Amino acid sequence: MLAVSCKQDISIQTELPIRFSLPVEGQLGPNKVRAVMGDPGQTETFAYPEYAYVFAVLRLQTGTQKVICQTDIQLPEDSWETSTYHGSLRTSDNAIYAYNKSLKLGLPKEGISSAKIYVAMSKTQLTLSNYNPTTENEVLDITFTLDDALQPFLGQIYSTPYNYKPDGTTYYGEITDISQGNYIDLLLYHVASKVDFIWNIPQDKQQQIKITNITAKNLYEGECYLFKPMALRHGTLSTGYDLQLANDVAGTWWSGREYFYTIPYQTVDNVFPLQLQFSIKTNETSTYNLTMRKNMTAADEVFVPWVRGQLTLTQPKSGTEVIEVE
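Residues numbered from 1 in each chain as written. Predicted model: local features only at pLDDT ≥ 70, side-chain atom pairs only at ≥ 80, totals over all residues. Heavy atoms only, no water.

### Notes on the overall build of the chain
- In terms of helices and strands, the chain carries one helix and 24 strands.
- Counting every position in the chain, which comprises 326 residues, the buried fraction comes to 50%.
- Expressed as a percentage of contacts within the chain between residues at least 6 apart in sequence, the contacts between residues at least 24 apart total 74%.
- When the accessible area of the chain is evaluated, it comes to approximately 14800 Å², of which 43% is carbon and sulfur surface. (Helix = DSSP H or I, 4+ residues; strand = E, 2+ residues; numbered from the N terminus. Buried < 20%, exposed > 50% of the residue type's maximum accessible area, 1.4 Å probe, protein only. Contact = heavy atoms within 4.5 Å. Areas by Shrake-Rupley, 256 points an atom, 1.4 Å probe, with all protein chains shown as cover.)

The following block contains the structure:
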């Protein structure tokens, strides 16, 4: 197991074992499928996470803070197992997929009154904005770079959201008893939102209309919060990356369903806009731009939203339209 530690002079007094898992339905892994938490109806194939990033914010008895961390920890593929969760944290059901080893975090000799543990993991290595934070604020401000290489793995990045407080007061990754033999057990959650999009042309209209291309436009790329997945604010994007959802094949001319993951963001009017562009062919091909707006005013402040949109075409469309979605 390879791990890169923060560059600090740490005299080890004890080790804090950290256990972690994912809420699941079914199983993960190569050639296994499961429906993710909040999934609007499709199952999907997931690969095992291969890298972990651990940051511990220690509150010392002197009243000061100390941050220790390990990054790019390699997770062996054979170290996962299905279990049953009996705790009170949010899960999609009682099944979890657990890493069956502990990550042991070395702690310094100074008297520690409490620690907040922040963990992220990913199928592929992440490029972080800060590998050596010295305060909790610096930990919470860590971003990862979403670029072309990382886009296919967005659905396989997980973290401990910083503001998840099941009792309304205490961060769920906080531990106050750091005695020898004690440990902390964490559930991690998706950083990216799943978008599930369904389209349909009624059978009696299929001789007149067909869809020859669907592209998700201007998806967010750049710096993304690792532990604050709901904190990204931005205007409606006019640049970003595009993702083709359907092309000119008979199987998707009249109906289809595709899902993808994207980093959620909120505009100043508390909307998460998703932009789609269609090529619609009748006697000639027209371009139809659709923005699906999810109202985020009452959105969960902790967990990223799952978005479902549906388009039924009963007549040719062109130009620009905005619809509200779930």
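### Quick notes on the nonpolar core
- By size, the foremost hydrophobic cluster in this structure holds 99 residues, and its most contacted members are Ile 117, Phe 144, Ile 263 and Phe 278.
- Once residues within four sequence positions are removed from consideration, Ile 263 is found in contact with Phe 144, Leu 146, Leu 154, Val 191, Ala 192, Tyr 220, Cys 224, Leu 232 and Phe 272. (Core = buried A, V, L, I, M, F, W, Y, C linked by side-chain atoms within 4.5 Å.)

### Observations regarding the pattern of salt bridges
- Applying the stated criterion across every chain yields a total of eight salt bridges.
- Between Lys 123 and Glu 50 there is a salt bridge whose closest N-O contact spans 2.4 Å. Here Lys 123, found in the loop between strand S10 (112-122) and helix H1 (136-140), pairs with Glu 50, found in the loop between strand S4 (44-45) and strand S5 (51-60); they are 73 residues apart in sequence, far enough to count as distant.
- Overall, the relative accessible area of 30% leaves Glu 50 in the partly exposed class.
- Here the residues in one salt-bridge network are Asp 269, Arg 293 and Glu 324, joined through shared partners. (Salt bridge = Lys/Arg side-chain N within 4 Å of Asp/Glu carboxyl O.)

### Considering the sheet that holds strand S21 (residues 271-281)
- Read from one edge of the open sheet, five strands run S19-S17-S21-S22-S24, paired in mixed fashion. This sheet does not close on itself; its edge strands, each paired only once, are strand S19 (241-246) and strand S24 (319-324). Strand after strand, the sheet turns through a mean of 25 degrees between neighbouring axes, direction not considered.
- With six bridges joining them, strand S22 (residues 285-295) and S24 adopt parallel strand pairing. Bridge assignment links Leu 290 to a residue of S24, and that residue is Glu 321. (Pairing = 2+ DSSP bridges. Axes fitted to C-alpha atoms, helices over the stretch in contact; angles between N-to-C directions.)

### Considerations on the confidence of the model for the chain
- Per-residue confidence for the chain averages 87 on the pLDDT scale, and 88% of its residues sit at or above 70.
- Predicted confidence is poor over residues 25-42, with pLDDT under 50, and the contacts of this stretch with residues over four places away or in other chains come to 61 contacts. (pLDDT = per-residue confidence, 0-100.)

### Comments concerning the packing of aromatic side chains
- Overall, the coordinates contain 18 aromatic pairs when judged by the stated rule.
- Look at Tyr 171 and Tyr 172: their rings are 5.4 Å apart centre to centre, the planes differ by 80 degrees, and that puts the pair in the edge-to-face class.
- Aromatic side chains Tyr 189 and Phe 303 sit 4.7 Å apart centroid to centroid with 70 degrees between the ring planes, which places their arrangement in the edge-to-face category. Residue Tyr 189 is located in strand S15 (residues 189-190), and its partner Phe 303 is located in the loop between S22 and strand S23 (307-312); the two are separated by 114 residues in the primary sequence.
- Given the relative accessible area of 3%, Tyr 189 is considered buried.
- With a relative accessible area of 7%, Phe 303 lands in the buried category.
- Taken together, Phe 55, Tyr 118, Tyr 164, Tyr 171, Tyr 172, Tyr 189, Phe 227 and Phe 303 form an aromatic cluster joined through their ring pairs.
- We note Lys 194 situated over the ring of Tyr 259; from NZ or CZ to the ring centre the distance is 4.5 Å.
- Between the NZ or CZ atom of Lys 210 and the centre of the ring of Trp 253, over which it lies, the distance is 3.8 Å. (Phe/Tyr/Trp six-rings, centres within 6.5 Å; stacked < 30°, edge-to-face > 60°. Lys NZ or Arg CZ within 6 Å of the ring centre and 35° of its normal.)

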